[in-house]
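The primary structure of each chain is shown beneath.
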Amino acid sequence: MSAVCQLFQQAEQSALGQAIQHSAWMMPALQSLHLLCLALLGGAVLMLDLRLLGTGLVSQPVPVIEREARPWLHAAAPGLMLTGLLMLCSEATKLCGNPVFWAKMAGLSVAIVLAVCVRGPLARRDAPSGGLTHSVAVASIGLWAAIALAGLWISVS
Amino acid sequence: MSPGSGLAATLDLWMAALADTAGSTALRESVYLYASLQGAHVLGIMLFVGTIFMVDLRLLGRAFPSTPASEMTRRVLPWTIAGFVLMAFTGLLLFYALPVRTYHSLWFRMKLLLIIAAAVNIWHFHRRVQRDRARWDTTLPPPRVVRFAAAVSMGIWIAVLVAGRMIAYHWTDCDRPQPAWIVWFAQCEEAPP
């Protein structure tokens, strides 16, 4: 067993992992919170990506939309990570051998790098437009959609 | 309602017939197709509930303060409608895959009632609240009546989402012992064993 899977096993055997696993209501509660944060993330991401594509809230410049969407992105992302980590704890050993789970984590890493290192700086610039801007917005929407889809596929693979 | 009575019995026969169709069987038995439908339903949540949250947060005065409320609703509403179409389409197919169990699901029935409540709130918003929008289009925070309607909307859609997630759980299924009010509300006596 790899070092990572051993760590996962420890998380599953921890008091927290066991508590979630043996509780009837914690899993549905975590899933519901995860979905709520996902909806919030979807809305906040889409407002800026649509604006980058030249549609949506066009009366304001891109940097204003970026600044005003950011608090909701910063509310949704930690919520998703926390609920995701807690759900991971409850079935960590199973997930460690699941290729779809790792594909989701890889996609998530790419999406976070794209958002923090490319999309954010780009959107804070004055009036970004053109092919690169459009590509970044399309990649952002596509990545987040694929990550959400992968979440459902984890359960059946 | 007693077993075998009129409308309820007819609906139960329809659900059983629906479950017997080739399409329903195929959806139910294809694990990957069913999971993909659920996935598309979740993408619908991101688009539909996500854009509703953004508009409601604007009406609460908590998001996109630079954008007038009228522009927010006008520009975002088409995406909300697209999200609704995706949600309704994938939702109908998910129902079609498991019609008998879903029809008698406590959570599915609560979800439908909550969606009706959300529709009434939307109707109220358009008929009453939005009538004098010109006065508060750029006012921050918007008037109390606007914020109240937005908070009600957010609360109802959160409840719809939670009820939807709960449909997947079996605690309240008719084939287990249930309290009288669930037996009544989910019409468990009508349900086939």
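These lines cover the structure that appears in this document, whether it is placed above or below. Please read these numbers as outputs of a predicted model, since none were measured by experiment.

Observations regarding the overall build of chain A
Assigned secondary structure in chain A consists of seven helices and zero strands. Counting all 157 residues of chain A, 47% fall into the buried class. Just so you have it, chain A exposes about 7400 Å², and 71% of that area is on carbon and sulfur atoms. Of note, chain A has its 8 positive side-chain charges centred 5 Å away from the centre of its 6 negative side-chain charges.

Focus on the packing of helix α1 (residues 3-13) of chain A against helix α2 (residues 15-22) of chain A
Each packed pair of helices is defined by two parameters, the angle between the axes and the distance between the axes. Residues and elements named next belong to chain A. The interhelical angle for the contact between α1 and α2, taken along N-to-C directions, is 65 degrees, at an axis separation of 4 Å. Every residue of α2 that contacts α1 at A11, E12 and Q13 is listed here: A15, G17, Q18 and Q21. For the contact of α1 with α2, a count of residues per class yields two nonpolar, four polar and one charged.

Some remarks on α1 of chain A
Residue and element names in this part refer to chain A. Residues of α1 that are buried: C5, F8 and E12. Within α1, the buried residues cover an arc of 55 degrees as seen down the axis, which keeps them to one side. Projecting away from the buried face of α1 at angles above 90 degrees are the exposed residues A3, L7, Q10 and Q13. Where the residues of α1 are buried, they touch α2, α4 (62-90), α5 (92-96) and α6 (99-124).

Remarks on the packing of aromatic side chains
Residue and element names in this part refer to chain B. For the structure on display, the rule yields nine aromatic pairs over all chains. Measuring from ring centre to ring centre gives 5.0 Å for F48 and W157, while their planes differ by 85 degrees; the resulting arrangement is edge-to-face. In this pair, F48 sits in helix α3 (residues 31-59) while W157 sits in helix α8 (residues 144-166), placing the two residues 109 residues apart along the sequence. Grouping residues by exposure puts F48 and W157 together as buried.

Side note on the packing of helix α2 (residues 22-29) of chain B against helix α4 (residues 69-97) of chain B
Residues and elements named next belong to chain B. Closest axis-to-axis distance for the α2/α4 pair is 8 Å, and the angle between their directions is 95 degrees. In terms of axis orientation, α2 runs roughly perpendicular to α4. Contact residues: G23, S24, L27 and R28 in α2; L93, Y96 and A97 in α4. Of the residues in the contact of α2 with α4, the class split is four nonpolar, two polar and one charged.

Quick word on the interface of chain B and chain A
Each side of the interface is counted separately: chain B has 37 residues, and chain A has 36 residues. Inspection of the chain B/chain A interface yields zero salt bridges. At 18 residues, the largest contribution of residues to the side of chain B that touches chain A is made by α3 of chain B. For the side of chain B that touches chain A, the residue count by class is 26 nonpolar, seven polar and four charged.

Structural notes on the pattern of salt bridges
A side chain of one charge can pair with a side chain of the opposite charge when the charged atoms of the two come close. A complete count under the given rule lists seven salt bridges over all chains for this structure. In this structure, K94 of chain A and E91 of chain A form a salt bridge, with 3.3 Å as the shortest nitrogen-oxygen distance. Residue K94 of chain A is classed as exposed on the basis of its relative accessible area of 63%. Exposure remark for E91 of chain A: the relative accessible area of 27% places this residue in the partly exposed category. Residue D173 of chain B is joined to R101 of chain B by a salt bridge in which the shortest nitrogen-to-oxygen separation is 3.1 Å. Here R101 of chain B lies in helix α5 (residues 99-103) and D173 of chain B lies in the loop between α8 and α9 (180-185), a separation of 72 residues in the sequence. For D173 of chain B, a relative accessible area of 10% corresponds to the buried category.

Parameters and conventions
Residues numbered from 1 in each chain as written. Chains lettered and ligands numbered in written order. Predicted model: local features only at pLDDT ≥ 70, side-chain atom pairs only at ≥ 80, totals over all residues. Heavy atoms only, no water. Helix = DSSP H or I, 4+ residues; strand = E, 2+ residues; numbered from the N terminus. Buried < 20%, exposed > 50% of the residue type's maximum accessible area, 1.4 Å probe, protein only. Areas by Shrake-Rupley, 256 points an atom, 1.4 Å probe, with all protein chains shown as cover. Lys, Arg positive; Asp, Glu negative; His and termini not counted. Charge placed at Lys NZ, Arg CZ, Asp CG, Glu CD. Axes fitted to C-alpha atoms, helices over the stretch in contact; angles between N-to-C directions. Contact = heavy atoms within 4.5 Å. Nonpolar A, V, L, I, M, F, W, Y, C, P; charged D, E, K, R; others polar. Arc of directions from axis to C-beta. Phe/Tyr/Trp six-rings, centres within 6.5 Å; stacked < 30°, edge-to-face > 60°. Parallel < 35°, antiparallel > 145°, perpendicular 65-115°, else oblique. Salt bridge = Lys/Arg side-chain N within 4 Å of Asp/Glu carboxyl O.

Keep in mind these values describe shape, not function.
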